Amino acid sequence: MHVVSRENVADYAEEMNAYYRWRHLVYVEERGWEDLRRADGLERDQFDTDNTVHLLALDGSEFVGASRMLPMSEPTLLSEIFPNLVEREPVPRDAETIEWTRMFVVPARRTGQGPRSVAGALFCGVMEYCLSVGARRVGGVMETFWLPRWQRFGWTAKPMGLPRDIGGSMTLAAFVDVDQRALEGVRAATGWTESVLTWSKETHDGRRQAFGTEPFRKAG
């Protein structure tokens with residue numbers, strides 16, 4: 001799981017192109033989200049900014065999956081597009097809350113959810129990243145089928161409103177707490193017992209500065 005941010009994105013030009021192309025294949029061609037269709041076949045939106053961090057799952061040079069992380073202090077999918085999903089308190093707008101979107105595994109690597117799967121590495125990477133930068137909770141807009149998966153990791157989701165039908169899928173806003181117990185739970189459930197993240201020094205230092213984390217907490 002490679003941590004890609006504005007500090008090191010130039011080093012991942014080919015991988016980022018594959019990432020945006022796979023997003024188009026998964027969300028437009030496979031799932032039918034026609035509003036995202038682009039002539040160039042690259043799915044990008046207004047939330048792919050300089051402040052966004054992309055966790056890219058690479059098996060050698062092969063792209064196999066990803067997740068997108070954005071602090072809620074920035075404009076996010078939840079705050080700008082789906083604030084109506086939040087009913088019980090104001091939409092979070094703090095840097096210690098991370099919006100987690102665009103998680104997917106390429107079709108050829110989806111088989112099995114057993115030990116050390118790509119999906120398991122993604123879940124571990126998300127929690128490890130959030131713990132590393134000092135975040136307190138992670139989540140955002142998601143389909144309800146994610147909740148049972150979280151429960152298997154020992155994560156307790158806090159819904160912020162009732163599910164609604166969006167594009168034929170029951171969708172809600174929910175967050176889980178970020179802590180060492182949550183990381184240990186997902187590692188035990190997925191078999192990824194050691195750190196799955198690859199950091200560059202530039203991203204390492206840049207995320208510490210952005211979140212004001214001192215010292216920078218490295219999980220694993």
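Before any of the text, the structure's been laid out above.
Residues numbered from 1 in each chain as written. Predicted model: local features only at pLDDT ≥ 70, side-chain atom pairs only at ≥ 80, totals over all residues. Heavy atoms only, no water.

## Some remarks on the environment of Lys 158
Part 1 of the reasoning: Topologically, Lys 158 is positioned in strand β6 (residues 157-159).
Part 2 of the reasoning: Lys 158 sits in the partly exposed class, given a relative accessible area of 45%.
Part 3 of the reasoning: Separated by 15 residues in sequence, Lys 158 and Ala 173 place their C-alpha atoms 8.5 Å apart. (Helix = DSSP H or I, 4+ residues; strand = E, 2+ residues; numbered from the N terminus. Buried < 20%, exposed > 50% of the residue type's maximum accessible area, 1.4 Å probe, protein only.)

## Focus: the pairing of strand β2 (residues 53-59)
Part 1 of the reasoning: Burial of β2 is extensive: 6 of the 7 residues sit out of reach of the surface.
Part 2 of the reasoning: By the bridge criterion, 3 bridges tie strand β1 (residues 2-4) to β2 in an arrangement that is antiparallel. Paired with Val 3 across the two strands is Leu 55, which belongs to β2.
Part 3 of the reasoning: As defined by bridge partners, β2 adjoins strand β3 (residues 62-71) across 7 bridges and the pair is classed as antiparallel. (Pairing = 2+ DSSP bridges.)

## Concerning the packing of aromatic side chains
Part 1 of the reasoning: For the structure on display, the rule yields 16 aromatic pairs.
Part 2 of the reasoning: An angle of 80° between the planes, with centres 6.5 Å apart, marks the rings of Phe 123 and Trp 155 as edge-to-face. Residue Phe 123 is found in helix α3 (residues 118-132), and its partner Trp 155 is found in the loop between α4 (146-152) and β6; the two are separated by 32 residues along the sequence.
Part 3 of the reasoning: Here the aromatic residues Trp 100, Phe 123, Phe 145, Trp 146, Trp 150, Phe 153 and Trp 155 are joined through ring pairs into a cluster of three or more.
Part 4 of the reasoning: Lying across the ring of Trp 192, Arg 116 places its NZ or CZ 4.2 Å from the centre.
Part 5 of the reasoning: In this structure, Arg 149 is placed above the aromatic ring of Trp 146, and the distance from its NZ or CZ to the ring centre is 4.9 Å. (Phe/Tyr/Trp six-rings, centres within 6.5 Å; stacked < 30°, edge-to-face > 60°. Lys NZ or Arg CZ within 6 Å of the ring centre and 35° of its normal.)

## Details of helix α5 (residues 180-190)
Part 1 of the reasoning: Buried residues of α5: Ala 182, Leu 183, Gly 185, Val 186, Arg 187 and Thr 190, and no others.
Part 2 of the reasoning: Along its buried surface, α5 packs onto α3 and β8 (169-177).
Part 3 of the reasoning: Following α5 by one or two positions, Gly 191 adopts a phi angle in the positive range, close to 85°. (Contact = heavy atoms within 4.5 Å.)

## Considerations on the side chain of Ser 5
Part 1 of the reasoning: When you line up the elements, Ser 5 lands in the loop between β1 and α1 (13-30).
Part 2 of the reasoning: Under the relative-accessibility criterion, Ser 5 is labelled buried at 3%.
Part 3 of the reasoning: Side-chain polar atoms of Ser 5 contact the side chain of Glu 7, separated by 2.3 Å. (Polar contact = N/O pair within 3.5 Å; in protein donor to acceptor, adjacent residues only side chain to side chain.)

## A short note on α1
Part 1 of the reasoning: For α1, which comprises 18 residues, the first-to-last C-alpha distance of 24 Å matches the rise-based estimate of 26 Å (1.5 Å per residue) to within 8%.
Part 2 of the reasoning: For α1, the complete set of buried residues consists of Met 16, Tyr 19, Tyr 20, Arg 23, His 24, Val 26, Tyr 27 and Val 28.
Part 3 of the reasoning: On its buried face, α1 is in contact with β1, β2, β3 and β4 (97-105).
Part 4 of the reasoning: Gly 32 lies just past α1 and shows a positive phi near 80°. (Expected span 1.5 Å × (residues − 1).)

## Remarks on the environment of Glu 29
Part 1 of the reasoning: Within the element layout of this structure, Glu 29 appears in helix α1.
Part 2 of the reasoning: With 12 residues separating them in the primary sequence, Glu 29 and Gly 41 have C-alpha atoms 9.7 Å apart.
Part 3 of the reasoning: Setting aside chain neighbours within four positions, we find Glu 29 in contact with His 24 and Arg 37.
Part 4 of the reasoning: Looking at Glu 29, its side chain comes within polar contact range of the side chain of Arg 37, at 2.9 Å.

## Focus on the packing of α3 against α5
Part 1 of the reasoning: Following both chains from N to C, one finds α3 and α5 inclined at 165°, their axes separated by 9 Å at the closest point. By the angle between their axes, α3 is roughly antiparallel relative to α5. Once α3 is placed against α5, the crossing between them reads as left-handed. Residues Gly 120, Phe 123, Cys 124, Met 127, Glu 128 and Leu 131 of α3 pack against Gln 180, Ala 182, Leu 183, Val 186, Arg 187 and Thr 190 of α5.
Part 2 of the reasoning: Across the contact of α3 with α5, the residue classes break down as 7 nonpolar, 3 polar and 2 charged. (Axes fitted to C-alpha atoms, helices over the stretch in contact; angles between N-to-C directions. Parallel < 35°, antiparallel > 145°, perpendicular 65-115°, else oblique. Left-handed = near helix turned anticlockwise from the far one by under 90°. Nonpolar A, V, L, I, M, F, W, Y, C, P; charged D, E, K, R; others polar.)

## Some thoughts on the nonpolar core
Part 1 of the reasoning: Counting residues in hydrophobic clusters, the biggest one holds 56 residues, and the most contacted among them are Met 69, Tyr 129 and Val 138.
Part 2 of the reasoning: When residues in this core are grouped by element, the largest group, 11 residues, is from α3.
Part 3 of the reasoning: If we ignore the near neighbours within four places in the chain, the residues touching Val 138 are Met 69, Ile 98, Trp 100, Val 126, Met 127, Cys 130, Ala 174, Phe 175, Val 176 and Val 178.
Part 4 of the reasoning: If you look at the next biggest cluster of nonpolar residues, it comprises 13 residues, including Leu 70, Leu 77, Val 86 and Val 91. (Core = buried A, V, L, I, M, F, W, Y, C linked by side-chain atoms within 4.5 Å.)

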